[in-house]
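Coordinate analysis (summary)
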Amino acid sequence: MAKQQMAVRADGALVDPTAWVADGAKIGARTRIGPFCRIDAEAEIADDCVLHSHVVVAGRTRIGPQCEIYPFAVIGHAPQDLKFAGEPSELIIGARCRI
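As a convention, each chain's residues are numbered from 1 in the sequence order in which they are written. In keeping with the model being predicted, local features are shown solely for residues with a pLDDT of at least 70 and side-chain atom pairs are shown and tallied solely at 80 or more, while totals for entire chains, interfaces and linings include all residues. In computing side-chain properties, one takes all heavy atoms of the structure into account and sets aside hydrogens as well as water.

Section: the sheet that holds strand β11 (residues 68–69)
Here a strand pair is declared whenever DSSP counts at least two bridges between the two strands. The secondary structure listing takes helices from DSSP runs of H or I that are at least 4 residues long and strands from runs of E that are at least 2 residues long, numbered from the N terminus. Here we have 4 strands laid out as an open sheet, ordered β2-β5-β8-β11, and parallel in their pairing. Both edges of this open sheet fall to β2 (14–15) and β11, since each of them pairs with a single strand only.

What follows is the structure in structure tokens.
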């Protein structure tokens, strides 16, 4: 049986007990994950980020340092591009962004 992979949480990361963080997700130092957030396995959230309540981070998503994502934002799902045909995609968010 394969060893189960756990989410990686750096020092000082705070995850609300109602949030769901998938095994394999990477959470940076001093990052705060608010109530009822959902973080998928391929997500990488850098240091000093704040995700307020009910934020969904899906798919292959990388969030840069010091970003703030406000309640009910959903990021990382399929692109809204008419040319998108289901191929692998990723979302990369730079540093100090507010969403």
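Re the pattern of salt bridges
Here, a salt bridge means any side-chain nitrogen of Lys or Arg that lies within 4 Å of a carboxyl oxygen of Asp or Glu. If you walk through the whole model with that rule in mind, you get 5 salt bridges. For Glu90, the salt bridge goes to Arg62, with nearest N and O atoms at 3.9 Å. Taken together, the residues span a long stretch of sequence, with Glu90 in the loop between β12 (74–75) and β13 (91–93) and Arg62 in strand β10 (residues 61–63) at a distance of 28 residues. The rule is simple: take the accessible area with a 1.4 Å probe, protein chains only, and divide by the maximum for that residue type; under 20% is buried, over 50% is exposed, in between is partly exposed. The exposure class assigned to Arg62 is partly exposed, which follows from its relative accessible area of 36%. The closest approach of N and O atoms between Asp81 and Lys83, which form a salt bridge, is 3.4 Å. The exposed category is assigned to Lys83, whose relative accessible area is 69%.

Details of the sheet that holds strand β6 (residues 38–39)
Pairing is parallel in the open sheet, where 4 strands are placed in the order β3-β6-β9-β12. Looking at which strands have only one partner, the edges of the open sheet turn out to be β3 (20–21) and β12. As paired elements, β6 and strand β9 (residues 56–57) share 2 bridges and run parallel to each other. Across the sheet, the residue bridging to Ile39 is Val57, located in β9.

A look at the nonpolar core
Nonpolar cores were defined as sets of buried Ala, Val, Leu, Ile, Met, Phe, Trp, Tyr and Cys residues, with membership established by side-chain atoms within 4.5 Å. Grouped together as the largest cluster of nonpolar side chains are 20 residues, with contacts concentrated most on Ile33, Ile39, Ile45, Leu51, Val57 and Ile63. It only takes one pair of heavy atoms within 4.5 Å for two residues to be counted as in contact. Those residues in contact with Leu51, other than ones at most four positions away along the chain, are Arg32, Ile33, Gly34, Cys37, Ile39, Ile45, Val57 and Ile69.

Points about the environment of Pro71
Along the polypeptide, Pro71 turns up in the loop between β11 and β12. On the accessibility criterion, Pro71 (40% relative accessible area) is partly exposed. Here the alpha-carbon distance between Pro71 and Val56, two residues 15 residues apart in the chain, equals 9.2 Å.

With respect to the state of the cysteines
Note on terminology: pairs of cysteine sulfur atoms within 2.5 Å are recorded as disulfides. Tallied over the entire structure, the rule returns 0 disulfides. Cys67 forms no disulfide, and the closest cysteine sulfur to it belongs to Cys97, at a distance of 4.5 Å. Taking relative accessible area as the criterion, Cys67 reaches 3% and is therefore assigned buried.

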